[in-house]
Amino acid sequence: MAQGKPRVRFAPSPTGYLHIGGVRTALFNWLWARKTGGTFVLRIEDTDQERSTPENEAIILRELRWLGLGWDEGPEVGGEHGPYRQMERLPIYQEFVEKLIAAGAAYRCYCTKEELDAQREALKARDPKAQFRYPGTCRDRTGPAPDRPFVIRFRAPSSGSVTYRDLVFGEVVTPNNTQQDAVLVRADGVPLYNLGAVVDDITMGITLVARGRDHMINTPPQILLYQALGAPVPQFAHLPMMLAPDGQKLSKRHGAVSVGEYRERGIPAVGLLNYLVRFGWSFGDEEIFPMQDLVQKFSWENCSKADGKFDAKKLAAIAFEHLKSSALTPDDAYLDNTLPFLEKRGLSGFDREAVRAVLPLIRERAQTYADAADALDYFFRDLPVYDEKAVKKFLVADKAPHLRAVRDLFASIDDFSAKNLEARFGELLAEKKLEIKDVAQPVRVAISGRTATPGLFDVLALIDKPRVLARLDHALSLIAASSGAG
RNA sequence: GGUCCCAUCGUCUAGCGGUUAGGACACCGGCCUCUCACGUCGGUAACGCGGGUUCAAUUCCCGCUGGGAUCGCCA
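Residues numbered from 1 in each chain as written. Chains lettered and ligands numbered in written order. Predicted model: local features only at pLDDT ≥ 70, side-chain atom pairs only at ≥ 80, totals over all residues. Heavy atoms only, no water.

Quick notes on helix 5 (residues 193–203)
- Within helix 5, eight of the 11 residues are buried, leaving the element largely enclosed by the surrounding structure.
- Taken together, the buried residues of helix 5 touch strand 1 (7–10), helix 3 (90–102), strand 7 (183–185), strand 8 (208–212) and helix 6 (219–228).
- Just past helix 5, the residue Gly205 takes up positive phi, approximately 70 degrees. (Buried < 20%, exposed > 50% of the residue type's maximum accessible area, 1.4 Å probe, protein only. Helix = DSSP H or I, 4+ residues; strand = E, 2+ residues; numbered from the N terminus. Contact = heavy atoms within 4.5 Å.)

Remarks on the protein's contact with RNA strand B
- Around RNA strand B sit 65 residues in total, of which Thr47, Asp48, Arg186, Gly280 and Glu364 are the nearest.
- Taking all atoms of RNA strand B within 4 Å of the protein, the share assigned to sugar and phosphate is 68%.
- Here Gln248 contributes a side-chain N or O atom positioned 3.5 Å from a phosphate oxygen of RNA strand B.
- For the surface near RNA strand B, the elements supplying multiple residues, two or more each, are helix 4 (113–126), strand 6 (170–175), strand 11 (308–309), helix 10 (312–324), helix 17 (436–448) and helix 18 (456–463).
- For the surface near RNA strand B, the per-class residue count stands at 23 nonpolar, 19 polar and 23 charged. (Near = heavy atom within 4 Å. Polar contact = N/O pair within 3.5 Å; in protein donor to acceptor, adjacent residues only side chain to side chain. Nonpolar A, V, L, I, M, F, W, Y, C, P; charged D, E, K, R; others polar.)

Quick word on the pattern of salt bridges
- Under the definition given, this model contains 38 salt bridges.
- Between Asp117 and Lys113 there is a salt bridge, with the nearest N and O atoms lying 3.4 Å from each other. Placement of the pair is Asp117 and Lys113 together in helix 4, with a separation of four residues, close to one helical turn.
- For Lys113, a relative accessible area of 59% puts it in the exposed group.
- The residue Lys465 makes a salt bridge to Asp414 at a minimum N-O spacing of 3.7 Å. Highlighted residues: Lys465 in helix 19 (residues 465–485) and Asp414 in the loop between helix 15 (400–411) and helix 16 (418–432), separated in sequence by 51 residues.
- By relative accessible area, which is 21% here, Lys465 ends up partly exposed.
- Where salt bridges share partners, they join Arg9, Arg43, Glu45, Arg89, Asp200 and Asp201 into one cluster. (Salt bridge = Lys/Arg side-chain N within 4 Å of Asp/Glu carboxyl O.)

Thoughts on the pairing of strand 5 (residues 161–166)
- Side chains Val162, Tyr164 and Asp166 project from strand 5 onto a buried face, and the interleaved Ser161, Thr163 and Arg165 project onto a face without burial.
- Pairing of strand 5 with strand 6 involves six bridges; the strand directions are antiparallel. Paired with Arg165 across the two strands is Glu171, which belongs to strand 6. (Pairing = 2+ DSSP bridges.)

Things to note about the packing of aromatic side chains
- The tally for this structure, following the rule as stated, stands at 18 aromatic pairs.
- Between Tyr164 and Phe236 the ring centres are 5.7 Å apart and the planes differ by 65 degrees, which places this aromatic pair in the edge-to-face class. Of this pair, Tyr164 sits in strand 5 while Phe236 sits in strand 9 (residues 235–239); the two residues are 72 residues apart in sequence, bridging distant segments of the chain. Comparing Tyr164 with Phe236, the two get one shared label, buried.
- Residues Phe298 and Trp300 carry aromatic rings whose centres are separated by 5.0 Å and whose planes lie at 80 degrees to one another, so their mutual orientation is edge-to-face.
- On the accessibility criterion, Phe298 (0% relative accessible area) is buried.
- Feature note: the residues Phe28, Trp32, Trp281, Phe283, Phe289, Phe298 and Trp300 constitute an aromatic cluster, connected by ring pairs. (Phe/Tyr/Trp six-rings, centres within 6.5 Å; stacked < 30°, edge-to-face > 60°.)

As for the environment of Gly16
- With respect to the secondary-structure elements, Gly16 resides in the loop between strand 1 and helix 1 (20–36).
- Spatially, the C-alpha atom of Gly16 lies 9.2 Å from that of Ser258, the residues being 242 residues apart in sequence.
- Those residues in contact with Gly16 that sit more than four places away from it in its chain are Asn56 and Ile60.

As for the sheet that holds strand 7
- Within the open sheet, the three strands sit side by side as 3-4-7. Their pairing is antiparallel. Whereas interior strands pair on both sides, the edge strands pair on one side only; in this sheet they are strand 3 (106–109) and strand 7. Each adjacent strand pair in this sheet contributes to an overall mean axis angle of 45 degrees, direction not counted.
- Sheet topology places strand 4 (residues 151–154) next to strand 7; two bridges connect them, and they run antiparallel. When the bridges of strand 7 are listed, Arg153 appears paired with Val183. (Axes fitted to C-alpha atoms, helices over the stretch in contact; angles between N-to-C directions.)

The structure is reproduced here in structure tokens:
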């Protein structure tokens, strides 16, 4: 096989958002490049001018960077094999097409799309099950070339077969008699997928093509093209497909499928990647991997061949594992990622170290950075946002004496540590012959506005004395107002 | 229909001839407990079917069934 370091690529079409299935393909390629010291190339396949947009390309680049899947060659970073957008490579395809024609491996076809469509429909009308194949009208045309637009077709062999050894699927044999003279270049001179991909992979020195199994059907015709061009055939690795829970193609109607949606929900990039890498790949019983471990452990041999179904709950659980662990997600990273979500809630200008101090309390409760911001919310307001139901249930008249007693107790305490607060609180309960159950919830609602928070004393200690007292006062006034009104 | 591919709990998977078929998520119970979580203990749950090969098949081979991909001047 090819000498030197592997060169792999991710070649998305900028025809929409970045799909998580595409991310998995990018990830596997990226991991292989990192593991082997190879090169990860990003190529934009924008030959579908109807649907490709610069905006979509920008989104793809931005999301890949957010994921941490940086590329060694490609748009914005350059490289020796550019340009990296197919529409900027038209002269290169032209050159290769001329080679093919000169070698008799391709020919000009003057049949129009309309003619072919009509033939296709006529056949379908006669026999709905029949498959239409290009009849070869222009294959051996002689005489002067008509003055009409033409496409370039591949002269596909009708005998023999193509065999390749897939790194995931093993040996795959496909007879050539099922191939047809596929169009290589449109009438407008823009190449189609198979030609563009092959020429680019040749000229960019790609040694291993790893892509989704939906492309497996393209591999034999592509190999035929490599052979016709006299170019070395790269290795191939096809990845099983990630389907929707209902077994259909994973699309928008099944929920979130674009990376952006996960980013906006506060799913950590490493969590998403960890979920995706475990989809179709395994390393014994291990489930949670730091990225640096993945780079080391990844291999094609441990890829599975069976398609799978996407499971949002599993993704959430794996992301949560990363958020819970300060080894996996250090405080600083956690903070950097949570701050935007706090700002989205209208919170800003707070002390980063103050947020850091609360982190241990919320890590085990927040499945996403958005959850974290929610759990952090009442720590950084003068008064919490009071949940209506919680107020109605716990800030009621018969709890007022308890709250007042707690307020007076707290006012007298100087050591506002969680430990001391708990001890003194216990004394108060004993004195009043109360159960903590009777008092904890009203106090919790008074200081946080909600019924579910981390341990009461930890929360109190972090909110600090003046604000705790202010909130208890506010809660008492709410009770007074409601009982007065009622 | 042609071609290609696949097949272990509901889901992601371990297994690479001999295992009480393991783990994780989800689900159901118990414990912990000031709420919510975390944690922890336990439970339900799988080798699609039929033939071979073998002393022995989840594992190897064939067929069937089922599922998926693709059959475009989309990628």
